[in-house]
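Spelled out from the first residue to the last, the chains are:
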Amino acid sequence: MGLNKIGRETGEEEDSNIQYLASLGVLITKEEIVNFSCRHRGFFIIEPFQEQKYEELRKELEKLLLYSKPGDIISKMPKNGKIFMRYPYFVEDNVISDNIYDDLEEEHEINCTNYTENDWEEIKKLESWKKCERQVAREIIALNICDKLNIST
């Protein structure tokens with residue numbers, strides 16, 4: 001089924017943007033941030049420490065997270081003698097779903113309008129849908145980071 005392919009369960013290689021960022025030392029973890037937002041999916045980014053970027057992110061998180069300390073969600077971490085920073089990156093659920101629907105229609109010739117709202121509610125309960133959402137979110141994050149860095153793969 002198209003969802004398995006989108007969710008990278010068929011042995012496909014990882015998304016080229018994710019691979020390229022990893023070669024630069026920027027990792028998008030598969031660890032999803034849970035219980036943070038009901039309308040977003042979040043994953044952690046791990047990249048080489050940059051003082052200015054770290055401070056900007058910390059200040060931005062202070063404004064957004066009135067109920068939590070930024071230190072709980074952004075951190076510095078040593079690894080192999082180097083310092084990395086770990087911070088969250090969020091994607092709206094509707095952006096993820098729209099990407100999946102578009103892919104199902106364009107790549108797999110599945111007409112999403114042939115399914116009822118009840119059908120979609122059942123489909124969205126499937127583990128393959130959830131894996132697909134996680135993978136697509138990570139791909140959107142990678143594309144956004146590449147765009148920000150003016151990188152094209």
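All of these numbers come straight from a predicted model, not from anything done at the bench.

(A) Fine view of the overall build of the protein chain. Each helix and strand counted, the protein chain has six helices and four strands in total. Reading the helices (α) and strands (β) of the protein chain from amino to carboxyl end gives α-α-β-β-α-β-β-α-α-α. In the protein chain, which comprises 153 residues, the share counted as buried stands at 37%. For the protein chain, the accessible surface area stands at approximately 9,800 Å², while carbon and sulfur atoms represent 47% of it.

(B) Local environment of the packing of helix α2 (residues 16-23) against helix α6 (residues 127-148). Running from N to C, α2 and α6 cross one another at 55°; their axes reach a closest spacing of 8 Å. One finds that α2 runs oblique with respect to α6. Regarding α2 and α6, the two cross each other, and that crossing is left-handed. Here N17, I18 and L21 of α2 lie close against α6, whose contacting residues are Q135, R138, E139, A142, L143, I145 and C146.

(C) The packing of aromatic side chains, seen in detail. Summed over the entire model, instances satisfying the criterion amount to five aromatic pairs. Ring plane angle 70° and centroid distance 5.0 Å describe the contact between Y101 and W120, whose orientation is recorded as edge-to-face. Of this pair, Y101 sits in helix α4 (residues 93-106) while W120 sits in helix α5 (residues 117-123), and the two are 19 residues apart along the sequence. W120 shares its class with Y101; the two are buried. Linked through ring pairs, Y101, Y115, W120 and W129 together constitute an aromatic cluster. In this structure, K76 is placed above the aromatic ring of Y54, and the distance from its NZ or CZ to the ring centre is 5.2 Å. Here R86 stacks its cationic end above the ring of F44, 3.5 Å away from the centre of that ring.

(D) Looking closely at the nonpolar core. Within the largest apolar cluster, 34 residues are counted, with the highest numbers of intra-cluster contacts made by L21, I28, I45, I96, I100, W120 and I141. Every element with two or more residues in this core is listed here: α2, β1 (27-33), β2 (40-48), α3 (51-64), β4 (82-92), α4, α5 and α6. When residues of this core are assigned to their parent elements, the largest contribution, nine residues, is made by α6.

(E) Seen up close, a negative patch on the surface. Taken together, the side chains of D98, D102, E105, E106 and E107 make up a negatively charged region of the molecular surface. Here D98 lies in helix α4.

(F) Examining unusual backbone geometry more closely. The phi torsion at N80 lies on the positive side, around 55°, for a residue other than glycine. With respect to the helices, strands and loops of the structure, N80 is situated in the loop between β3 (75-79) and β4. With a phi close to 50°, E109 is a non-glycine residue in the positive phi region. Note that E109 resides in the loop between α4 and α5.

(G) The pattern of salt bridges, seen in detail. Taken as a whole and judged by the stated rule, the model has eight salt bridges. Two residues, E32 and R41, come together in a salt bridge whose shortest N-O distance is 2.5 Å. You can call R41 buried: its relative accessible area is 15%. The closest approach of N and O atoms between E47 and K53, which form a salt bridge, is 3.0 Å.

(H) Quick look at the sheet that holds β2. Strand order in this open sheet of four strands is β1-β2-β4-β3, and the pairing throughout is antiparallel. The outermost strands of the open sheet, each flanked by one partner alone, are β1 and β3. With strand direction ignored, the average angle separating the axes of adjacent strands in the sheet is 35°. The pairing of β2 with β4 spans nine bridges and is classified as antiparallel. Opposite H40, over in β4, you have E92 as the bridge partner.

The rules behind the values
- Per-chain numbering applies: the sequence of each chain, read as written, is numbered from 1 onward.
- Only residues with pLDDT of at least 70 are given local features in this predicted model, and only at 80 or more are side-chain atom pairs given and counted; all residues enter the totals for whole chains, interfaces and linings.
- The side-chain quantities take in all heavy atoms of the structure and omit both hydrogens and water.
- In DSSP terms, a helix is any run of H or I states spanning at least four residues, a strand is any run of E spanning at least two, and both are numbered starting from the N terminus.
- Classification of residues uses two cut-offs on accessible area relative to the type maximum, computed with a 1.4 Å probe and protein chains only: under 20% is buried, over 50% is exposed, and between them is partly exposed.
- Reported accessibility uses the Shrake-Rupley method at a 1.4 Å probe radius. Residues are deemed covered only where the shown protein chains occlude them.
- To obtain an axis, a line is fitted to C-alpha atoms, over the contacting stretch when the element is a helix, and the angle between two such axes runs from 0 to 180 degrees between their N-to-C directions.
- For this classification, under 35 degrees means roughly parallel, over 145 means roughly antiparallel, 65 to 115 means roughly perpendicular, and everything else is oblique.
- Take the far helix as your reference; a near helix turned counterclockwise from it by less than a right angle gives a left-handed crossing, and one turned clockwise gives a right-handed crossing.
- Contact definition: two residues touch when any of their heavy atoms are within 4.5 Å.
- Planes of paired rings set the category: under 30 degrees apart is stacked, over 60 is edge-to-face and the rest tilted, where pairs are Phe, Tyr or Trp rings (Trp by its six-membered ring) whose centres lie within 6.5 Å.
- Any Lys NZ or Arg CZ found within 6 Å of a ring centre and within 35 degrees of that ring's normal is scored as a charge over the ring.
- For our purposes a nonpolar core is just a set of buried Ala, Val, Leu, Ile, Met, Phe, Trp, Tyr and Cys residues, chained together by side-chain atoms within 4.5 Å.
- Patch membership requires over 30% relative accessible area and the absence of a salt bridge. Like charges are linked within 9 Å, and nonpolar side chains (Val, Leu, Ile, Met, Phe, Trp, Tyr) within 5 Å.
- A side-chain nitrogen of Lys or Arg and a carboxyl oxygen of Asp or Glu constitute a salt bridge if their distance falls within 4 Å.
- Only four residue types enter the charge count, namely Lys and Arg as positive and Asp and Glu as negative; His and the chain termini do not.
- Charged side chains are reduced to one point each, which is NZ for Lys, CZ for Arg, CG for Asp and CD for Glu.
- Here, strands pair whenever DSSP counts at least two bridges between them.

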